[in-house]
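Listed below are the residues making up each chain.
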Amino acid sequence: MSKNLSVKRTIFTGTLLLTSAGILSRFIGFFYKIFLSRVIGAEGLGIYQLIFPVMALCFSLTSAGIQTAISKFVSKEIGNENPAGARLYLLVGLILSVSLSILTGIYMWNYSEFIAGSFLREMRCAPLIRILSFCYVPCSIHSCINGYYYGLKKTLVPSLSQLAEQSARVGGVYLIYMIAQSNGHSITISDAVWGLVLGEIAGMLVSLSCIGFGACKGNIRKTTWSLLTLSFPLTVNRLTFNLFTAIENLLIPYQLKLFGYSSSDALSIYGILTGMAFAIIMFPTVLTNSISVLLLPIVSEAQAKHNDTLIRKAIIRTTESCLLLGLLCTIGLLLLGDFIGNFIFKNALSATFIVTLSWICPFLYLGSTLNSIFHGLGKPGITLFLNLISCIIRILFIVFLIPVIGIRGYLTGLLVSQILHCVLALLWLYRLMKQTDHALQSV
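Just so you know, the residues in each chain are numbered from 1, in the order the chain's sequence is written. Restriction of local features to residues with pLDDT of at least 70 applies here, the model being predicted, together with a cutoff of 80 or more for giving and counting side-chain atom pairs; totals for whole chains, interfaces and linings are based on all residues. Side-chain metrics in this entry use all non-hydrogen atoms of the structure; hydrogen atoms and water are not considered.

## A look at the overall build of the chain
Piece 1. Numbering of helices and strands runs from the N terminus; a helix is a DSSP stretch of H or I covering at least four residues, while a strand is a stretch of E covering at least two. Across its full length, the chain carries 17 helices and 0 strands.
Piece 2. Expressed along its principal axes, the backbone C-alpha trace of the chain runs to roughly 65 × 45 × 35 Å.
Piece 3. Residue burial is assigned from relative accessible area. The probe radius is 1.4 Å, only protein chains are included, and a residue is buried under 20% of its type maximum, exposed over 50%, and partly exposed in between. Counting only residues that meet the buried cut, the chain has 53% of its 443 residues in that class.
Piece 4. Here, residues are in contact when the closest pair of their heavy atoms is within 4.5 Å. In the chain, the share of contacts with a sequence separation of at least 24, taken over all contacts with a separation of at least 6, comes to 82%.
Piece 5. Positive: Lys, Arg. Negative: Asp, Glu. His and the chain ends are not part of the count. To locate a charge, take atom NZ for lysine, CZ for arginine, CG for aspartate or CD for glutamate. Here the chain contributes 30 positive and 15 negative side-chain charges, whose respective centroids are spaced 8 Å apart.

Structure representation (structure tokens):
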């Protein structure tokens, strides 16, 4: 009984810390997006948003899989009362991640024009990609350290890192803006990208200042192999998914041009959708992301101890809470979407997007947390399959419907893909739990 109470307290405290930091970061980011939309315009915001698929791909390659693997193995070593072994996983993970980040940064710097022209189809992104190449090393360092603390089920350091990153990003760009204004100039899109670099450096410095360096014990070869064995499929999963997501995002402005928009108008619509409307729709994910991060080590530990009751409770509580949160957000955005778009962003199109997208909230929030449960159960392949199916559906809607009915084709595809994702995920989890029950009965 006390064990279950301890788990609940861990989830509650960790979620509260991450959520508090996330809410504050999202508030800062929310006003930052308003600020950016006004100083660089909707088209500039669209160009700025184009580089994020590239950033996500590079993060997938250098950090994402390794961070998740560190979290899982640290949780396991701490469960076995082996903190020195947990620190060894962090050290090896850092070496692997930083090495990949250096190679990725060099590649992005040298081939920025090729990536901008052939992949993004927007040459104005080339200098932005070169600036972005400085992000990957600091990002990999604080991601690995965050993974270590998630494995310990301690969220203070990741929370502080998140706040420092967002504060430095926004504060740095605002300082550049003030200096530019005093000299009679305005800021550029490149200045906003330098803000991303400043944010990653700040997050890294906070993480490094908090980490306690102690003795590392264990078999380095075995530790490295274990990390690579788990992180490789996770990395492939994230890379594959983010590649499809990048294709999805980059197709939107291209297909809008086929509908009849000019290049400038297509980028403006893309900027309004991804930079304004999505900023509102994704705001509540600060809570679901916090739960997801903490669910992974808890579900992993429960599976290792064959505690199927705890896993079942996690699935039920996650489904209930995410659907309730999503329903409340849908109602709230239906009522306030026009106000947010017209009076806060001062953009009528963003208001239309926010109201239309409000219907996906319950399915969007539930899908992300169910993915984390699959990772905790050691089933990353299921997550990849579900994400790819959802992404392919959206791409089909983009390719076939946007040229006919415009951006509404993509918004419809979003709703259909998220509903299907959640239904398939719940059916799969039900099947897994049934298989577990049959296995226990046979024993």
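Let us keep going from here.
## So, unusual backbone geometry
Apart from glycine, the bulk of residues carry a negative phi angle, and the bulk of peptide bonds sit in the trans form.
Piece 1. Positive phi, close to 55°, is recorded for Arg121, a residue that is not glycine.
Piece 2. Classification of Arg121 by relative accessible area gives exposed; the value is 54%.

## Considerations on the packing of helix 7 (residues 136-151) against helix 8 (residues 156-182)
Piece 1. It is at 9 Å that the axes of helix 7 and helix 8 come closest, and there the two elements cross at 150°. As judged from the angle between their axes, helix 7 and helix 8 are roughly antiparallel. Contact residues: helix 7 offers His142, Ile145, Asn146, Tyr149 and Tyr150, while helix 8 offers Val157, Pro158, Ser161 and Glu165.
Piece 2. Across the contact of helix 7 with helix 8, the residue classes break down as 5 nonpolar, 3 polar and 1 charged. Only the stretch in contact is used when fitting a helix axis, every axis being a line fitted to C-alpha atoms; angles between N-to-C directions are given from 0 to 180 degrees. For classification purposes, angles smaller than 35 degrees are called roughly parallel, those larger than 145 roughly antiparallel, those between 65 and 115 roughly perpendicular, and all remaining angles oblique. In this classification, Asp, Glu, Lys and Arg are treated as charged, Ala, Val, Leu, Ile, Met, Phe, Trp, Tyr, Cys and Pro as nonpolar, and every other residue, Gly included, as polar.

## Notes on the environment of Val173
Piece 1. Structurally, Val173 can be placed in helix 8.
Piece 2. In this structure, the C-alpha to C-alpha distance between Val173 and Thr383, residues 210 residues apart in sequence, is 36 Å.
Piece 3. Ignoring anything within four residues of it in the chain, the contact list for Val173 reads Tyr32, Phe35, Ile187, Asp191, Ala192 and Gly195.

## Quick look at the packing of aromatic side chains
Piece 1. Stacked, tilted and edge-to-face pairs are distinguished by plane angle, under 30 degrees for stacked and over 60 for edge-to-face with tilted covering the rest, among Phe, Tyr and Trp rings (Trp via its six-membered ring) whose centres lie within 6.5 Å. Tallied over the full model, the rule gives 13 aromatic pairs.
Piece 2. With centroids separated by 5.8 Å and ring planes inclined at 75°, the aromatic side chains of Trp109 and Phe134 adopt a geometry described as edge-to-face. A residue pair is termed long-range when its members are at least 10 positions apart, and Trp109 in helix 4 (residues 83-110) and Phe134 in the loop between helix 6 (126-132) and helix 7 qualify at 25 residues.
Piece 3. Since its relative accessible area comes to 41%, Trp109 is described here as partly exposed.
Piece 4. One aromatic cluster is present, built from ring pairs that chain together Tyr32, Phe35, Tyr174 and Tyr177.

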